[in-house]
Amino acid sequence: MEERIIQTQNCINEGASFLADIEPRFEYALNATGELPLRLSPEGFERLLSAIISQQVSVAAANSIWKRLVKANLHGPRKIMRANDDELRAVGLSRQKVRYARALAEARINFKSLRSMSTSEVVEKLTQVAGIGVW
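Residues numbered from 1 in each chain as written. Predicted model: local features only at pLDDT ≥ 70, side-chain atom pairs only at ≥ 80, totals over all residues. Heavy atoms only, no water.

Caption draft 1: Region of interest: the overall build of the protein chain. The secondary structure content of the protein chain amounts to nine helices and zero strands. Secondary structure elements of the protein chain occur, N-terminal to C-terminal, as α-α-α-α-α-α-α-α-α. In terms of overall size, the protein chain is more extended than a compact globule, its C-alpha atoms giving a radius of gyration of 18 Å where 135 residues would be expected to give roughly 14 Å. Along the three orthogonal principal directions, the C-alpha set of the protein chain runs to about 50 × 35 × 25 Å. For the protein chain, the residues scored as buried account for 24% of the 135 residues in total. As presented, the protein chain carries roughly 10,200 Å² of accessible surface, and 53% of it is formed by carbon and sulfur atoms. (Helix = DSSP H or I, 4+ residues; strand = E, 2+ residues; numbered from the N terminus. Rg over C-alpha atoms; globule rule 2.2 N^0.38 Å. Buried < 20%, exposed > 50% of the residue type's maximum accessible area, 1.4 Å probe, protein only. Areas by Shrake-Rupley, 256 points an atom, 1.4 Å probe, with all protein chains shown as cover.)

If you want it as structure tokens, here you go:
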């Protein structure tokens, strides 16, 4: 399978068209909703930290926690490593999310280098860095 990265609205349209061609229910849904919007997020540490924060909480709660992190200037890897647990908990991170945020910060991932890797290489690299296995 050819690996692709969604970069433009044309990528979204091509993928949606492909799915509509092979699945009538998707075609019906696409006709009902119209063109799917392109929603790109910034890449890197902050995006992964945001994903960690967003897990198992409401969108409103995740947004609130993120705003407090930014206001406290605790959204970069060095800031996370320097902060104590009480500071991170004060902005709304659970104990587990403090651990995950620290592990992400301490991993010192070169996010730009991931761009040139295949999906399987990225997964392997990140699981090695995180010290976890793949199911």
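Still more ground to cover, so stick around.
Caption draft 2: Spatial organisation of the nonpolar core. Residues Leu49, Ile53, Leu69, Ile80, Leu88 and Leu93 are the most contacted members of the largest nonpolar core, which totals 21 residues. For this core, the secondary structure elements donating two or more residues are helix H3 (45–54), helix H4 (59–71) and helix H7 (95–107). Residues contacting Ile80, with those up to four places away along its chain left out, are Phe45, Leu49, Leu74, Leu88, Ala101, Arg102 and Ala105. (Core = buried A, V, L, I, M, F, W, Y, C linked by side-chain atoms within 4.5 Å. Contact = heavy atoms within 4.5 Å.)

Caption draft 3: Main features of helix H1 (residues 9–22). Its 14 residues give H1 an end-to-end C-alpha distance of 20 Å, which sits within 8% of 20 Å, the value for a rise of 1.5 Å per residue. Where H1 is concerned, the buried positions are Ile12, Ala16 and Ala20. Looking straight down H1, one finds that the buried residues subtend no more than 65° of arc, so they occupy a single side. Within H1, the exposed residues directed more than 90 degrees away from the buried face are Asn10, Phe18, Asp21 and Ile22. Check the buried side of H1 and you find it contacts helix H2 (24–33). (Expected span 1.5 Å × (residues − 1). Arc of directions from axis to C-beta.)

Caption draft 4: Geometry of the pattern of salt bridges. Scanning the entire structure with this criterion turns up four salt bridges. With its nearest N and O atoms 2.1 Å apart, the salt bridge here joins Glu43 to Arg115. You can see Glu43 sitting in the loop between H2 and H3 and its partner Arg115 sitting in the loop between helix H8 (111–114) and helix H9 (119–130), a full 72 residues away along the chain. Note on Arg115: relative accessible area 38%, which makes it partly exposed. Across the pair Asp85 and Arg102 runs a salt bridge whose closest N-O atoms are separated by 2.8 Å. Of the two residues, Asp85 sits in helix H6 (residues 85–90) while Arg102 sits in helix H7, which places them 17 residues apart along the sequence. (Salt bridge = Lys/Arg side-chain N within 4 Å of Asp/Glu carboxyl O.)

Caption draft 5: Representation of a nonpolar patch on the surface within the structure. A contiguous nonpolar patch, built from Phe18, Leu19 and Ile22 and spanning about 310 Å² of accessible area, is present on the exposed surface. On the secondary structure map, Phe18 appears in helix H1. Exposure remark for Phe18: the relative accessible area of 54% places this residue in the exposed category. (Patch = residues over 30% accessible without salt bridge, like charges linked within 9 Å, V, L, I, M, F, W, Y side chains within 5 Å.)

Caption draft 6: View of H7. Compared with the 18 Å implied by 1.5 Å per residue over 13 residues, the 18 Å span of H7 between its first and last C-alpha is a close match. Looking only at H7, the buried set comprises Lys97, Val98, Ala101, Arg102, Leu104 and Ala105. Buried positions in H7, seen along its axis, are confined to an arc of 160° and lie on one side of it. Structural note: H7 exposes Arg95 and Arg99 on the side pointing more than 90 degrees away from its buried face.

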